[in-house]
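Listed here are the chains, written in short residue letters.
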Amino acid sequence: MEVRCDSGALLVLDAGTGIRRLGAALKSGSPCENGLANRIDILLTHLHMDHIQGLGFFTPLYDSEMEIHIWGPASTARPLRQRLSRYLSPPLFPVHLRSLPSRILLHDVPREDLTVGNFHVTSAFVCHPGATVGFRIESPDGVIAYLPDHEPALGVADFPGDPNWTSGYSLAHGADILIHDAQYTAKEYASHVGWGHSSIDQVLAFAEMSGAKHVVLFHHDPVREDLELEQILAEALAKRDGSAVTVSVAAEERSYRLEKGRLTVGPVPTVA
Amino acid sequence: MTIPERNSEAEPRLNPQMAIELILGRQLISYLGVPMFLVDPRGDLLYYNEAAEAVLGIRFEETGRMLREEWSHVFSPTDADGNPIEPEDLPLVIALEQGRPAWSEMYIHGLDESTRHIEVIGIPIIGLAGKHLGGLAIFWEVE
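(A) Molecular detail of the overall build of chain B. Regarding its fold elements, chain B presents 6 helices and 5 strands. Its helices and strands in sequence order give chain B the pattern α-α-β-β-α-α-α-α-β-β-β, from N to C terminus. The proportion of buried residues among the 143 residues of chain B is 39%. A sequence separation of at least 24 residues applies to 51% of the contacts in chain B between residues at least 6 apart.

Quick look at the structure:
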């Protein structure tokens, strides 16, 4: 997932397989403008394979002119570089992280905040197995909260209850766009409690509790078909008649434009 | 003995949202049968579980959150000779202030007017980012 602001800053949210196509689309030295031309910031929520497996195929990492900042969850046990190197090293990957020609700078979150271009990014640990953070991206045009792997209802008898005791609330509070894990239906969730993901009903409840304006259902179950997703969403929305939160389903190449708090949701592109 | 009023000064001191480590900590201890007591970095009480209610002699719903100054006195901790234990000598306060586990044996006077002989371990809660987030006391009655 790619986030840009008009001043030219480029944030990449996680590094799954989609990052390979993004890298190919960026011409060396011109991904951004206004003095940020050679900088890209990759925000990793956690180091599960589906969030880092595209990293080694991101071509700007092989460009010596590029400065790549990688922000990932802190650990007192091992530094981020060492944990990422478990994947970016033989035998899992032929190239060592240290051998990549670009200038790579690693940052622990939530120890550090990020300000680049018009973006100010904060983070917090959230409920998901292993060290996992969510991000809150603020700009003069609005706020995006990104919680792709998140189970705020885990062990909470009265979810959605007290916001103070709800994982992710501080990140999602009042967001213009909340991009949130929506892997399961309510029925599926019942047999996956503790796996670190949410049902669509829970996401909608969380969005409403947080005062988010628009929620993007994300991290679909990999076996889901497009039509099935639309149907599941329609069923969930029918149960929440009267909610002020608007909803869309994340799709490849779909774009969202946020301008002075006003959101325009792009259509779902047709895949040939 | 006075039961502290609910919604005391502790409420506005709390963050808008608890750290995930405290949220998960509260969830975990609410499922356990071992008496446990959870506090924030300052030592203000956030939660204690049902097993702890039996030892402290009062339900958490009745006390609500308490300031460190309140809970460290309200249970009147004493040593075997009946001498009051100062707050800074309580295991949980040591855990918070010195960042290390601490153990102690003591007597407390529960809010149900019963005196109980207990052992207590205080453990600091330190997050993955190395941040001090609070503390946890585990305690049990000595047979």
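(B) A look at the packing of helix 6 (residues 200–210) of chain A against helix 7 (residues 226–238) of chain A. All names here are of chain A. Relative orientation of the contacting elements helix 6 and helix 7 amounts to 50 degrees, with a least axis distance of 10 Å. Taken together, the axes of helix 6 and helix 7 lie oblique to each other. Note on packing geometry: the crossing formed by helix 6 with helix 7 is right-handed. Listed contacts from helix 7 to Ile200, Asp201 and Leu204 of helix 6 are Ile232, Leu233 and Ala236. Its residues assigned to classes, the contact of helix 6 with helix 7 shows 5 nonpolar, no polar and 1 charged.

(C) Seen up close, the interface of chain B and chain A. Listed by partner, the interface residues are 14 residues for chain B and 21 residues for chain A. Residue classes in the side of chain B that touches chain A are distributed as 9 nonpolar, 4 polar and 1 charged.

(D) A look at helix 2 (residues 20–30) of chain B. Those residues of helix 2 of chain B not exposed but buried are Ile20, Leu22, Ile23, Gly25 and Ile29 of chain B. In this fold, the buried residues of helix 2 of chain B make contact with strand 7 (119–125) of chain A together with strand 1 (36–39), strand 2 (45–48), strand 4 (115–126) and strand 5 (132–141) of chain B.

(E) Local environment of the sheet that holds strand 7 of chain A. Residue and element names in this part refer to chain A. Read from one edge to the other, the open sheet built from 7 strands follows the order 6-7-8-9-10-11-12, with strand pairing classed as mixed. Two strands lie at the open edges of the sheet, namely strand 6 (114–116) and strand 12 (246–249), each paired on one side alone. Sheet twist, expressed as the mean angle between neighbouring strand axes with direction ignored, is 20 degrees. As paired elements, strand 10 (residues 177–181) and strand 11 (residues 214–218) share 5 bridges and run parallel to each other. Paired with Ile179 across the bridge in strand 11 is Val216. Of the strands in this sheet, strand 10, strand 11 and strand 12 touch helix 6, which is tilted by about 150 degrees from strand 10.

(F) Up close: the pairing of strand 5 (residues 103–109) of chain A. Residue and element names in this part refer to chain A. The pairing of strand 4 (residues 67–73) with strand 5 spans 7 bridges and is parallel. In the strand pairing of strand 5, Trp71 is matched with His107. Between strand 4 and its parallel partner strand 5, the chain crosses via helix 3 (residues 80–85), and the hand of that crossover is right-handed.

(G) Region of interest: the nonpolar core. In this structure, Ala145, Leu178 and Val215 of chain A together with Leu38 of chain B are the most contacted members of the largest nonpolar core, which totals 108 residues. Ignoring anything within four residues of it in the chain, the contact list for Val215 of chain A reads Leu178, His180, Val203, Leu204, Ala207, Val245 and Val247 of chain A.

(H) The pairing of strand 14 (residues 262–265) of chain A, seen in detail. All names here are of chain A. Relative to strand 14, strand 13 (residues 256–259) is paired through 4 bridges, and the arrangement is antiparallel. Along strand 14, the bridge assignment pairs Tyr256 with Val265. In this antiparallel pair of consecutive strands, strand 13 and strand 14, the connection spans 2 residues, and Lys260 shows a positive phi of 50 degrees.

(I) Spotlight on the sheet that holds strand 2 (residues 10–13) of chain A. Residue and element names in this part refer to chain A. Read across the open sheet, the 5 strands follow the order 1-2-3-4-5; overall the sheet is mixed. Because the sheet does not close on itself, it has two edges, and the strands there are strand 1 (2–4) and strand 5. Direction aside, the axes of adjacent strands within the sheet are offset by 20 degrees on average. Where strand 1 lies against strand 2, 3 bridges are found, and the strand directions are antiparallel. Bridged to Glu2 within strand 2 is Val12.

(J) Quick look at helix 6 of chain A. Taken residue by residue, helix 6 of chain A has Ile200, Gln202, Val203, Leu204, Phe206, Ala207 and Ser210 of chain A as its buried positions. On its buried side, helix 6 of chain A packs onto helix 4 (169–172), strand 10, strand 11, helix 7 and strand 12 of chain A.

Definitions and limits used
- Residues numbered from 1 in each chain as written.
- Chains lettered and ligands numbered in written order.
- Predicted model: local features only at pLDDT ≥ 70, side-chain atom pairs only at ≥ 80, totals over all residues.
- Helix = DSSP H or I, 4+ residues; strand = E, 2+ residues; numbered from the N terminus.
- Buried ≥ 20, exposed ≤ 12 C-beta atoms within 10 Å, placed from the backbone.
- Contact = placed C-beta atoms within 7 Å.
- Axes fitted to C-alpha atoms, helices over the stretch in contact; angles between N-to-C directions.
- Parallel < 35°, antiparallel > 145°, perpendicular 65-115°, else oblique.
- Left-handed = near helix turned anticlockwise from the far one by under 90°.
- Nonpolar A, V, L, I, M, F, W, Y, C, P; charged D, E, K, R; others polar.
- Pairing = 2+ DSSP bridges.
- Right-handed = clockwise from strand over helix to strand, strands pointing away.
- Core = buried A, V, L, I, M, F, W, Y, C linked by C-beta atoms within 7 Å.

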